[in-house]
Every structure is written in structure tokens, then in C-alpha cells.
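The primary structure of each chain is shown beneath.
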Amino acid sequence: MKKLIGEPISINNTNKIEKIVYASILNMGYDIVRIQFVDKSPETLQIMIERQDGMQISVDDCGVVSRMVSTLLDVNAPFLEDFTLEVSSPGIDRPLIKIADFIRFAGFVAKIETLSKVSGKKSFLGKICNIVDDKIEFECNGGLVTLAFEQIKCASLVITDELIEHSRQQTGLGSRMEH
């Protein structure tokens with residue numbers, strides 16, 4: 001079984017895994033952020049989840065989803081051999097996987113790597129400004145860079161004071177910043 005390390009949902013058996021677990025995870029009140037095999041020993045199947053109600057993921061949330069996914073995979077995924085299952089939150093510096101993620105986090109700083117060079121670079125750090133169709137516009141070093149979604153190899157949010165404040169507000173922890 002060939003697996004590509006670090007690739008998101010649509011790769012080989014992770015696509016099959018998504019089909020097996022998606023509806024159950026959704027019905028439990030969670031969304032899947034990403035499913036991937038990560039390069040650890042033993043081989044690790046990582047499933048990142050987030051709560052549909054926007055609250056923070058707890059250890060209990062991960063445990064409940066892990067037990068359910070483990071049972072589903074034991075019964076429905078005989079193609080999987082020895083592996084470790086890891087269920088986690090995406091964290092504040094979460095990966096940006098879908099166009100909807102870029103829309104949701106417009107105005108925040110992201111680190112983006114492209115599949116090939118764009119304007120002589122493959123790595124960008126900038127604020128997500130605008131998303132139109134499959135084009136994502138970033139403010140980088142005072143200028144604007146537009147990338148087609150399919151050009152992006154990987155992207156993640158960068159921890160900033162604004163992102164921390166946004167996370168606190170979204171999870172019901174309130175503001176800790178003095179005005």
C-alpha cells in the first residue's frame with residue numbers, strides 16, 4: 001500500500017478512510033479538518049477534528065471520536081495494517097486545507113508553500129486578503145500576491161495576537177487584551 005506522507009484527505013487509503021468515518025464524525029457534532037498518514041514510528045493515521053459549535057476541542061472530544069473511529073476502521077478497513085490512530089484538534093496555527101478555510105480566516109496571517117515557483121518564490125508569508133473563485137489574494141511585504149488554490153502545496157495560520165484574540169472570542173473564553 002503506497003501512502004504519501006503529509007498529504008491531505010484525497011490520497012490513496014485516506015480517501016477510503018474518510019468515506020468510512022465522515023458521516024459518523026459529522027453526526028457526532030464534529031467536522032474533519034484533515035486526514036493523513038504522518039511519518040512517525042509506528043505509522044500514524046492522524047485525524048484532525050473541530051467542533052461544529054465552534055467551541056474548543058477537549059481531550060474528551062478526541063477520546064470519544066478516537067474510540068468510534070477505531071471501531072469503524074477495525075470493522076470496515078481491512079486494508080489498514082499496523083498503525084497508530086491519533087485524533088487531535090487542528091490547533092490555533094491550523095492547516096488551511098479547503099478554500100472555505102481561507103474564506104473563514106481572511107484577515108489573518110498565513111504561511112503558504114506552493115507546488116512551483118510563483119514570482120521566483122515557493123514560500124509566502126502574508127495576510128489573507130480576498131478569495132474569488134479559486135484565487136486567493138495575500139498581502140506579502142506590502143504587495144499583493146494572487147495564487148490559484150491548486151498551486152498551494154500547504155498552508156497554515158501563523159500565531160499572532162489577532163489570531164489569539166479571535167480564537168478566544170470564538171471559543172467563548174472572552175477577551176484578555178486590554179483596550
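This structure is a prediction, so every number in the text was calculated from the model and none was measured.

J.: For this particular structure, what's the right way to read the packing of aromatic side chains?
T.: Here a ring pair, both rings aromatic, is described through the centre-centre distance and the interplanar angle of the planes. In total, this model carries three aromatic pairs according to the counting rule given. Between Phe102 and Phe138, the ring centres sit 6.3 Å apart and the planes meet at 80°, which makes this aromatic pair edge-to-face. Of this pair, Phe102 sits in helix α3 (residues 99-104) while Phe138 sits in strand β6 (residues 135-140); the two residues are 36 residues apart in sequence, bridging distant segments of the chain. The same class applies to Phe102 and to Phe138, which are both buried. Between Phe102 and Phe149, the ring centres sit 6.2 Å apart and the planes meet at 85°, which makes this aromatic pair edge-to-face. Taken together, the residues span a long stretch of sequence, with Phe102 in helix α3 and Phe149 in the loop between β7 (143-148) and β8 (152-157) at a distance of 47 residues. Taking relative accessible area as the criterion, Phe149 reaches 24% and is therefore assigned partly exposed.

J.: Would you explain the environment of Gly91 in this entry?
T.: Inspection of the secondary structure assignment puts Gly91 in the loop between β3 (84-88) and α3. Judged by its relative accessible area of 33%, Gly91 is partly exposed. C-alpha separation for the pair Gly91 and Leu157, spaced 66 residues apart in sequence, amounts to 9.6 Å.

J.: Whenever I open this one, helix α2 (residues 59-76) confuses me. Can you help?
T.: Residue pairs three or four apart in sequence face the same way in an α-helix, which turns once every 3.6 residues. An ideal rise of 1.5 Å per residue puts 26 Å on 18 residues; α2 measures up with 25 Å between its terminal C-alpha atoms. Along α2, the residues that are buried comprise Asp61, Cys62, Gly63, Val65, Met68, Val69, Leu72 and Leu73.

J.: Explain the sheet that holds β3 here, please?
T.: Strand pairs in the sheet, formed through backbone hydrogen bonds, run parallel or antiparallel to each other. One open sheet accounts for three strands, arranged β1-β2-β3; its pairing is mixed. The two strands at the open ends of the sheet, each matched to only one other strand, are β1 (30-38) and β3. The sheet shows a mean angle of 20° between the axes of neighbouring strands, taken without regard to direction. Contacts from α2 reach β1, β2 (44-51) and β3, with the element oriented near 145° to β3.

J.: Would you explain the nonpolar core in this entry?
T.: In a soluble, globular protein the nonpolar side chains are often hidden away together inside. Core analysis: the biggest nonpolar cluster contains 20 residues, and Ile17, Val21, Ile25, Ile47, Ile49, Val69 and Leu73 have the highest contact counts within it. Every residue in contact with Ile17, bar those within four places of it in the chain, is listed here: Ile35, Phe37, Leu45, Leu73, Phe79 and Leu80.

J.: Mind showing me how you'd approach the pattern of salt bridges here?
T.: Opposite charge on two side chains lets them pair, provided their charged atoms get close. Counted by the stated rule, this structure contains six salt bridges. Arg104 serves as the salt-bridge partner of Glu50, at 3.0 Å between the closest nitrogen and oxygen. Note that Glu50 is positioned in strand β2 and Arg104 in helix α3, a separation of 54 residues in sequence. Residue classification places Glu50 among the buried positions, given a relative accessible area of 13%. Across the pair Asp53 and Arg51 runs a salt bridge whose closest N-O atoms are separated by 2.6 Å.

About the criteria used
Residues numbered from 1 in each chain as written. Predicted model: local features only at pLDDT ≥ 70, side-chain atom pairs only at ≥ 80, totals over all residues. Heavy atoms only, no water. Phe/Tyr/Trp six-rings, centres within 6.5 Å; stacked < 30°, edge-to-face > 60°. Helix = DSSP H or I, 4+ residues; strand = E, 2+ residues; numbered from the N terminus. Buried < 20%, exposed > 50% of the residue type's maximum accessible area, 1.4 Å probe, protein only. Expected span 1.5 Å × (residues − 1). Pairing = 2+ DSSP bridges. Axes fitted to C-alpha atoms, helices over the stretch in contact; angles between N-to-C directions. Contact = heavy atoms within 4.5 Å. Core = buried A, V, L, I, M, F, W, Y, C linked by side-chain atoms within 4.5 Å. Salt bridge = Lys/Arg side-chain N within 4 Å of Asp/Glu carboxyl O.

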